[in-house]
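Here is how the chains run, residue by residue.
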Amino acid sequence: AAVAFALLAVAWILYPLAMWLRARGDRLGSTPVTDHKERVVVLVATRDDPAFALERVRNLRAGDYPPHLLRVLLAVDVNAPYALDAYRAALSGSADVVGGDAPGGKAATLNAAVRAAGSSDVLVFADVGQEFSAGAIPHLVAALRDERVGAVTGRYTHGRHDEIMSAYADFEALIRSGQAAGRSVVSASGSILAMRPSLWRDLPAGLICDDLFTGLSVVRQGSRVGFCREAVAYDPREFNRDQQFTRRVRTLTGLIQYCVVQPRAQLPWSNPVCSHFMGQKVLC
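The present account deals with the structure reproduced in this document.

The rules behind these values
Residues numbered from 1 in each chain as written. Predicted model: local features only at pLDDT ≥ 70, side-chain atom pairs only at ≥ 80, totals over all residues. Heavy atoms only, no water. Phe/Tyr/Trp six-rings, centres within 6.5 Å; stacked < 30°, edge-to-face > 60°. Helix = DSSP H or I, 4+ residues; strand = E, 2+ residues; numbered from the N terminus. Buried < 20%, exposed > 50% of the residue type's maximum accessible area, 1.4 Å probe, protein only. Polar contact = N/O pair within 3.5 Å; in protein donor to acceptor, adjacent residues only side chain to side chain. Contact = heavy atoms within 4.5 Å. Pairing = 2+ DSSP bridges. Expected span 1.5 Å × (residues − 1). Arc of directions from axis to C-beta. Salt bridge = Lys/Arg side-chain N within 4 Å of Asp/Glu carboxyl O.

1. Comments concerning the packing of aromatic side chains
Each aromatic ring pair is summarised here by two numbers: the centre-to-centre distance and the angle between the ring planes.
So, step 1. Taken as a whole and judged by the stated rule, the model has four aromatic pairs.
So, step 2. Geometrically, the ring pair formed by Tyr82 and Tyr87 is edge-to-face, given 6.2 Å between the ring centres and 90° between the ring planes.
So, step 3. Between Phe125 and Trp200, the ring centres sit 5.5 Å apart and the planes meet at 25°, which makes this aromatic pair stacked. Here Phe125, found in strand 4 (residues 122-126), pairs with Trp200, found in the loop between strand 7 (192-195) and helix 7 (210-220); they are 75 residues apart in sequence, far enough to count as distant.

Put into structure tokens, the structure is as follows:
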């Protein structure tokens, strides 16, 4: 019992306190780029209604990044109940539409999206359910101008309709900020993630936590994954407690799956942030 309480104290009190102290001086990407030159491709994987995809593309197009340097690519899951032509008709040329790979699922769909992205300077991953702040992409691009940074994740937030989950989102942002001020973020947010295309590695089919796999893949290649608080993905949806529980169970299942798929990530000589990964993810 004493050991169990000690682990809880370390995980929920001492470790967050250490990350808060470390994060106070980290300002990665705090000033957005104004001399725009990077070609950015935003990738959105979906199987949702084309009307939702249209709203997401409009949000991305309404941001502060120059339209002539911004390409939006919508990748549609092969198991989606809507045809590709339905998406093309809804988007009316505001984004490119491609089909995902078999056997379907987000991982296979993202693989197809990256392959279709072609030549670009920055890949930005976004989900269909959120909205980016106007300056999100310029802040992410600014962070990637640091040559030590191979990828950067932003801050996920939502309305304060659930104070417990809102507090948890703030807690996750604090942890990521502290980790980024050191070596690297352990787990990026798939709802807002930018990276150098050369560091992308195809995702295994059926993978649940694509963001965890991608972030740690970047770290294990010798680059950092940063955190930019000013780049925000806002989720307007409301989830009840049962839905939140289901989402957390899925995330934990994905963590177990990742440990099976990438067992070497649990070894300190293979994973530069192994201590954070084990302490924050596996033991907690």
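Next comes the rest of the write-up.
2. Looking at the side chain of Thr46
So, step 1. Within the fold, Thr46 resides in strand 1 (residues 40-46).
So, step 2. Note on Thr46: relative accessible area 5%, which makes it buried.
So, step 3. Among the polar contacts listed, one links the side chain of Thr46 to the backbone nitrogen of Asp48, at a separation of 2.9 Å.
So, step 4. Leaving out residues up to four positions away in the same chain, Thr46 has contacts with Leu74, Ala75, Val76, Asp77, Tyr87 and Val128.

3. Remarks on the sheet that holds strand 4
So, step 1. Reading across the sheet, the eight strands line up as 3-2-1-4-7-6-8-5 and stay open at both edges, with mixed pairing between neighbours. At either end of the open sheet lies a strand with only one pairing partner, and these are strand 3 (96-99) and strand 5 (131-132).
So, step 2. Across seven bridges, the pairing between strand 1 and strand 2 (residues 70-76) is parallel. Bridging from a neighbouring strand, Val40 pairs with Leu70 of strand 2.

4. Here's the deal with helix 4 (residues 106-117)
So, step 1. The end-to-end C-alpha separation of helix 4 is 16 Å, in line with the 16 Å expected for twelve residues at 1.5 Å each.
So, step 2. The buried fraction of helix 4 is high, at nine of twelve residues.
So, step 3. Buried within helix 4 are the following residues: Ala107, Ala108, Thr109, Leu110, Asn111, Ala112, Ala113, Val114 and Ala117.
So, step 4. The inward-facing, buried residues of helix 4 abut strand 1, strand 2, strand 3, strand 4 and helix 7.

5. Some details on helix 8 (residues 241-261)
So, step 1. Here helix 8 is 21 residues long and its end C-alpha atoms lie 30 Å apart, about the 30 Å a rise of 1.5 Å per residue gives.
So, step 2. Looking only at helix 8, the buried set comprises Gln244, Gly254, Leu255, Tyr258 and Cys259. Down the axis of helix 8, the sector holding all buried residues measures 140°, keeping them to one side. Within helix 8, the exposed residues directed more than 90 degrees away from the buried face are Asp242, Phe245, Thr246, Ile256 and Val260.

6. Quick word on the pattern of salt bridges
So, step 1. The tally for this structure, following the rule as stated, stands at eleven salt bridges.
So, step 2. One salt bridge in this structure joins Arg148 and Asp146, with 2.7 Å as the shortest N-O distance.
So, step 3. Given a relative accessible area of 54%, Arg148 falls into the exposed group.
So, step 4. By sharing partners, the salt bridges in this structure join Asp35, Glu38 and Arg145 into a single network.

So, to be careful, I would describe these as geometric facts and stop short of saying anything about function.
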